[in-house]
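Given next are the chains, with one letter for each unit.
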Amino acid sequence: MIQIRDLHKYFGKLHVLKGIDLDVDKGEVLSVIGASGSGKSTLLYCINGLEPIQQGAVEVDGTDVHAKSTDINKLRQKLGMVFQQWNSFPHLTALENVALAPKLVKGKTKAEAREIAAKQLAHVGLGEKVDVYPSALSGGQQQRLAIARALAMEPEYMLFDEATSALDPELVGEVLETMRMLAEEGMTMICVTHEMGFARDVSDRVAYFHQGVMEEIGPPAQIFGDAQSEHTQKFLANVR
Amino acid sequence: MFDYNFHWRPVMKSLPDLLEAALLTLQVAVLAMALGIVIGLALALIRLHMRGPLLWLASSWVELARNTPALFQLFFFGFGLGAFGLHLSPYMIVLVGLTFNCAGYLAENFRGGFQAVPDTQLRASRSLGMTAWQAYTRIVIPQVLRIVYHPITNQMVWAVLMSSLGMLVGFRELSGETQFFASRTFRIFEYFAVTAVIYYVIVKLILLGSRLLATRLFRY
């Protein structure tokens, strides 16, 4: 379970997150929507400790992410992350991209790591691309590679930071399909997204962020059908 | 109008000595580059990530190495330190001087290389649970090495050619040896012509080797 309490985040003087309280249960799929600059991506970075926070707390399964005593590298094994700019490692083949972290971080043998990697690549539909370098993959394939790479660490949570925003329109579908598959397998997911269809169909809850504040959270039917906040209504009217 | 007769025999007789000196040239250049790469990498990382006296030291190193003649740098490690009672052998003067110079130039190449690898590569690595050290050694530096590979080759060629300055501090590498024989026989043109060919061949071989290595190293 991820518990966020009164989370404040500043970039210099800029107050990006203004007191977020949020619980995400095991097995839940949460979509986070909102305009650019509303703090939703920053929220993900605060959850896996890639960004320090200035006030409040984030706990993952009872472990304080930002405590000095926390072994953050160990904790991050639980938290897979997929980025907007998929960030595949260009100097490694698809298989090596996926096998590297299990070997380095989890201490798997080379053979074990390669086996895990082959399994995860097949899982996301890249079984044919094992020995290919990322430069020879399409954006959608590279993003699925990034998903496989995160899954190879056997995370308990997956954080998706606008995983489809940088893709050509015709490539969005294959990545959303992979995310949908993970959701059906019971993965706990927090998806920052601009894909309203995905948010509506796949998530258990949808959160709307506005200028660093979580304005509204609830089941998709409520957010998309009966939004309480004026900002939410306006945002949804514009994206549809 | 042209009454100079070429005499190649003395040059051919001392060719084994010249080739031996050429090996010395290559040795000192390779060593200086190996040290220069390690130090240059360290200087670049200091300049990118540190503050305080270390940053000042690294910046001064890079500035002095790049903004003064290489010959003066050799003179400093030879006669300059000599004036303070620290006498290096001619071999050490050239090795230290070349290392100092190469490290300075390579530091700037590395700095550009690090800036060309997006920060997000580091973030993605850390998000997988890698330590900063693992992320740097396995993800960032391999990519930097590809970016600076050709500049490094260039610097290697430069180190070979620059080592000829060694003859001015009494080092009998290829140029020093050539000068030694040339002044004994007065066949100055012949000696330096042959030596120029030897330098040319060495550099050609380095470039060829570098290209072959590149196809093995960089398959992406």
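Scoring rules and cut-offs
Residue numbers here run from 1 along each chain, matching the order of that chain's written sequence. Going through the entries in the order they are written, you letter the chains from A and number the ligands from 1. In view of the model being predicted, local features appear only for residues whose pLDDT reaches at least 70, and side-chain atom pairs are presented and counted only at 80 or more, with totals across whole chains, interfaces and linings using the full set of residues. Strands here are runs of E lasting at least two residues and helices are runs of H or I lasting at least four, both read from the DSSP assignment and numbered beginning at the N terminus. Computation of the radius of gyration draws on C-alpha atoms alone. For the globule rule, the value is 2.2 Å times the number of residues to the power 0.38. Counts of 20 or more other C-beta atoms within 10 Å of a residue's own C-beta define buried residues, counts of 12 or fewer define exposed ones, and intermediate counts define partly exposed ones; C-beta atoms are placed from the backbone. We call two residues in contact when the distance between their C-beta atoms, placed using the backbone, is within 7 Å. In this analysis, strands are considered paired if DSSP registers two or more bridges between them.

## Overview of the overall build of chain A
Now for step 1: Along its length, chain A carries 9 helices and 10 strands.
Now for step 2: In summary, chain A has a C-alpha radius of gyration of 18 Å against a globular reference of 18 Å for 240 residues, a match within 12%.
Now for step 3: If one aligns the C-alpha atoms of chain A with their principal axes, the spans along those axes are about 55 × 45 × 30 Å.
Now for step 4: Each of the 240 residues in chain A was classed as buried or not, and the buried ones make up 46%.
Now for step 5: Intrachain contacts of chain A at a sequence separation of at least 6 include 62% that bridge at least 24 residues.

## Looking at the overall build of chain B
Now for step 1: When its secondary structure is counted, chain B shows 9 helices and 0 strands.
Now for step 2: If you list the helices and strands of chain B from N to C, you get α-α-α-α-α-α-α-α-α.
Now for step 3: Projected onto its principal axes, the C-alpha coordinates of chain B cover approximately 75 × 45 × 30 Å.
Now for step 4: Among the 220 residues that make up chain B, the fraction classed as buried is 35%.

## Topic: the sheet that holds strand β2 (residues 14-24) of chain A
All names here are of chain A.
Now for step 1: In space, the 4 strands of this open sheet follow the order β2-β1-β4-β5, with antiparallel pairing throughout. Of all the strands in the sheet, the pair left with one neighbour each is β2 and β5 (63-64).
Now for step 2: Inspection of the sheet shows strand β1 (residues 2-11) paired to β2 by 8 bridges, in the antiparallel sense. What sits directly across from Q3, in β2, is D23.

## Quick notes on the environment of A111 of chain A
Now for step 1: When you line up the elements, A111 of chain A lands in helix α4 (residues 110-123).
Now for step 2: Sequence separation between A111 of chain A and A35 of chain A is 76 residues; the distance between their C-alpha atoms is 45 Å.

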